[in-house]
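# Observations on the three-dimensional arrangement
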Amino acid sequence: SKQRSGHTMAAVVPQRDCDEERLRALGKRLLDQECAFAKRYRCLFALMNVKPSELTRQPLLACLQDQKHGALLRHEVAYVLGQMQDEAEEVVGELIRVVGDETDDVMVRHEAAEALGAIGSDTGVSVLRQHLKDETREVAETCELALRRIEDAAASRDGDVPEHEGSQFNTVDPTLVSEGVSGKTREELERLALDETASMHDRYEAIFAARNRGGEEAVSLMSKCLETAKSALLKHEVAFVLGQLQNAQATEVLVRVLKDPAEHPMVRHEAAEALGSVAESDDQVMGLLREYCKDEVQCVGQSCVVALDMLETKENFEYCEALA
C-alpha cells in the first residue's frame with residue numbers, strides 16, 4: 001500500500017493497552033523540557049497509539065495548556081487528541097479554549113479546530129461557527145472544514161451519505177472523500193485541487209481522493225499544489241500528504257518549500273517533517289536538514305530535528321509504532 005518501505009508519524013496504529021508505569025514515563029518525558037526534542041516527539045506519538053485514558057489525557061492536556069512547550073509540540077498534541085478521537089469533556093473543552101484564544105499561535109489554533117472536527121462532538125460546533133470569520137485565514141478555513149466534516153460524518157452514520165472506503169491510510173482525515181469525488185478522473189481531480197475559486201472543502205476532498213490512489217500522479221498533483229496554491233492551509237496539508245505517500249520523488253519540491261523563507265512557517269514545517277518520511281537518507285538531504293535545524297523560525301528548526309531523527313532511525317524501527 002506504500003510506494004516504498006518507510007515510516008511516518010501520520011499513521012495511527014490500532015490503539016492498544018499499555019501498563020500504567022510505561023504511560024506515566026511517556027507522559028513525564030513529553031513534558032520534560034530538558035529531554036531531547038525528538039525524544040519528546042516520539043513520546044507524543046507513542047501516546048497517540050494507546051487507548052485514551054486519564055494517563056494519556058493528563059500529560060497531553062498539560063502540554064497543550066502551557067505555551068512554554070512551544071507551538072510545534074503543542075499543535076502536534078492537538079493533532080494527536082484529534083487522531084485519538086478522545087471525546088472526554090476536558091479534552092473537547094481545552095480544544096475549544098485554544099480555538100477561541102486569538103492570542104495563541106495560528107498553528108495551534110488551526111490544529112485544535114481540526115481536532116474538534118475529527119472528534120465530531122456537537123459541543124465544539126459553536127466555537128467553530130464563531131470563528132468562520134476569524135481574522136486569521138488559516139483558522140477560519142479550518143473551522144469551515146471541521147464543521148463540514150462533522151456534518152458529513154453524522155450523515156454517514158445515519159446512512160444518508162456513505163463514506164467512501166478508499167483509503168489505506170490509518171488517519172482521521174480532515175475531509176471525508178465521497179464516492180462521487182473518488183470516481184473523478186485524474187484530470188478532474190487536478191482541476192478541482194488547483195481551482196482557487198472552489199471551496200476549501202472541495203479542494204481538500206480532491207487532494208485526499210488523489211492521495212488514496214497514490215503513485216506518481218498523486219505526487220505530481222501535490223507538487224503543483226505546492227507551487228501554485230495561495231492558501232497556506234491547503235499547502236501545509238499537501239506537504240503532510242506527501243509525507244504520507246512516502247514517495248522519494250517528492251523530495252525535490254519539499255526541499256524547495258523548506259528553503260523558501262517567504263513561505264508560511266506552517267508550510268515549511270510540514271515540508272521538513274515530510275522529508276523525514278520521503279527522503280532517502282543521503283548526505284545532501286541530511287546536510288540540508290542539519291543546516292535548517294538552526295532556522296530562525298523555531299517550528300521549522302524543530303521540524304528538521306524531528307525529520308533527521310526519523311531518517312537516522314528508519315533502519316531500526318517503524319517510527320513511533322513502538323512505544324518510544
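One can find the structure itself at the top, above this paragraph.
Scope of this entry: the structure provided in the associated data block. (Residues numbered from 1 in each chain as written. Predicted model: local features only at pLDDT ≥ 70, side-chain atom pairs only at ≥ 80, totals over all residues. Heavy atoms only, no water.)

Turning next to the overall build of the protein. Broken down by element type, the protein carries 17 helices and 0 strands. Each of the 324 residues in the protein was classed as buried or not, and the buried ones make up 59%. Counting only contacts in the protein whose residues sit at least 6 apart along the sequence, the fraction spanning at least 24 positions is 72%. Entry remark: accessible area of the protein is about 13700 Å², with carbon and sulfur atoms responsible for 44%. (Helix = DSSP H or I, 4+ residues; strand = E, 2+ residues; numbered from the N terminus. Buried < 20%, exposed > 50% of the residue type's maximum accessible area, 1.4 Å probe, protein only. Contact = heavy atoms within 4.5 Å. Areas by Shrake-Rupley, 256 points an atom, 1.4 Å probe, with all protein chains shown as cover.)

In terms of nonpolar packing, the biggest core is built from 105 residues, with Leu60, Leu95, Leu128, Leu242, Leu254, Leu258 and Leu289 touching the most fellow members. Those residues in contact with Leu289, other than ones at most four positions away along the chain, are Leu258, Ala272, Leu275, Cys304, Ala307, Leu308 and Leu311. (Core = buried A, V, L, I, M, F, W, Y, C linked by side-chain atoms within 4.5 Å.)

What follows concerns helix H11 (residues 200-213). With 14 residues, H11 should reach 20 Å at 1.5 Å per residue; the first-to-last C-alpha distance of 20 Å fits that figure. Of all 14 residues that make up H11, 12 are buried, and the element is covered over most of its length. Of all the residues in H11, the buried ones are Met200, His201, Arg203, Tyr204, Glu205, Ala206, Ile207, Phe208, Ala209, Ala210, Arg211 and Asn212. If you follow the buried residues of H11, they end up packed against helix H8 (137-158), helix H9 (179-182), helix H10 (186-193), helix H12 (215-228) and helix H13 (232-245). Once H11 ends, the next one or two residues include Gly214, with phi positive near 70 degrees. (Expected span 1.5 Å × (residues − 1).)

With that out of the way, let us pick up the environment of Ala25. Inspection of the secondary structure assignment puts Ala25 in helix H1 (residues 20-30). Accessibility expressed as a relative area gives 40% for Ala25, which makes it partly exposed. Taking C-alpha positions, Ala25 is 9.0 Å from Cys43, a pair spaced 18 residues apart along the chain.

It is worth spelling out the pattern of salt bridges at this point. Per the counting criterion, the structure on display carries 22 salt bridges. One salt-bridge network, held together by shared partners, links Arg186, Glu187, Glu190, Glu217 and Lys224. (Salt bridge = Lys/Arg side-chain N within 4 Å of Asp/Glu carboxyl O.)

In this section: helix H5 (residues 89-100). Taking 1.5 Å of rise per residue, the 12 residues of H5 would be expected to cover 16 Å, and the 16 Å separating its terminal C-alpha atoms lies within 8% of that figure. Listing the buried residues of H5 in full gives Val91, Val92, Glu94, Leu95, Val98 and Val99. Projected down its long axis, H5 carries its buried residues within an arc of 165 degrees, all on one side. (Arc of directions from axis to C-beta.)

Let us look at unusual backbone geometry. One non-glycine residue with positive phi stands out, namely Gln85, at about 50 degrees. In this model, Gln246 sits at a positive phi of 55 degrees, which is unusual for a non-glycine residue. In this fold, Gln246 is placed in the loop between H13 and helix H14 (251-259).

A few words on the packing of aromatic side chains. Evaluation of the coordinates by the stated rule reveals 5 aromatic pairs. Look at Tyr79 and Phe240: their rings are 6.1 Å apart centre to centre, the planes differ by 65 degrees, and that puts the pair in the edge-to-face class. One end of the pair, Tyr79, is in helix H4 (residues 71-84); the other, Phe240, is in helix H13, and 161 residues separate them in sequence. With respect to class, Tyr79 is no different from Phe240; both count as buried. Aromatic pair Tyr204 and Phe208: ring centres 6.2 Å apart, planes at 50 degrees, arrangement tilted. Here Tyr204 pairs with Phe208, and both are found in helix H11, just 4 residues apart, close to one helical turn. The exposure class assigned to Tyr204 is buried, which follows from its relative accessible area of 1%. A relative accessible area of 0% places Phe208 in the buried class. An aromatic cluster is present here, built from Phe37, Tyr41, Phe45, Tyr79 and Phe240 joined pairwise through their rings. (Phe/Tyr/Trp six-rings, centres within 6.5 Å; stacked < 30°, edge-to-face > 60°.)

For the pair helix H16 (residues 283-292) and helix H17 (residues 298-313), the least separation of the axes is 8 Å and the interaxial angle reads 150 degrees. Note that H16 runs across H17; the crossing there is left-handed. Mapping the contact onto sequence places Val285, Met286, Leu289, Arg290 and Tyr292 in H16 and Val300, Gly301, Cys304, Ala307, Leu308, Leu311 and Glu312 in H17. Here the residues of the contact of H16 with H17 are counted per class, giving 9 nonpolar, 1 polar and 2 charged. (Axes fitted to C-alpha atoms, helices over the stretch in contact; angles between N-to-C directions. Left-handed = near helix turned anticlockwise from the far one by under 90°. Nonpolar A, V, L, I, M, F, W, Y, C, P; charged D, E, K, R; others polar.)

Below, the discussion takes up the packing of helix H15 (residues 265-278) against H17. Packing of H15 against H17 brings their axes to within 7 Å, and their N-to-C directions diverge by 10 degrees. In terms of axis orientation, H15 runs roughly parallel to H17. Here H15 contributes Pro265, Arg268, His269, Ala272, Glu273, Leu275, Gly276 and Ser277 to the contact with H17, which in turn contributes Cys299, Val300, Ser303, Cys304, Ala307, Met310 and Leu311. Each residue belonging to the contact of H15 with H17 can be placed in one class, and the counts come to 9 nonpolar, 4 polar and 2 charged. (Parallel < 35°, antiparallel > 145°, perpendicular 65-115°, else oblique.)

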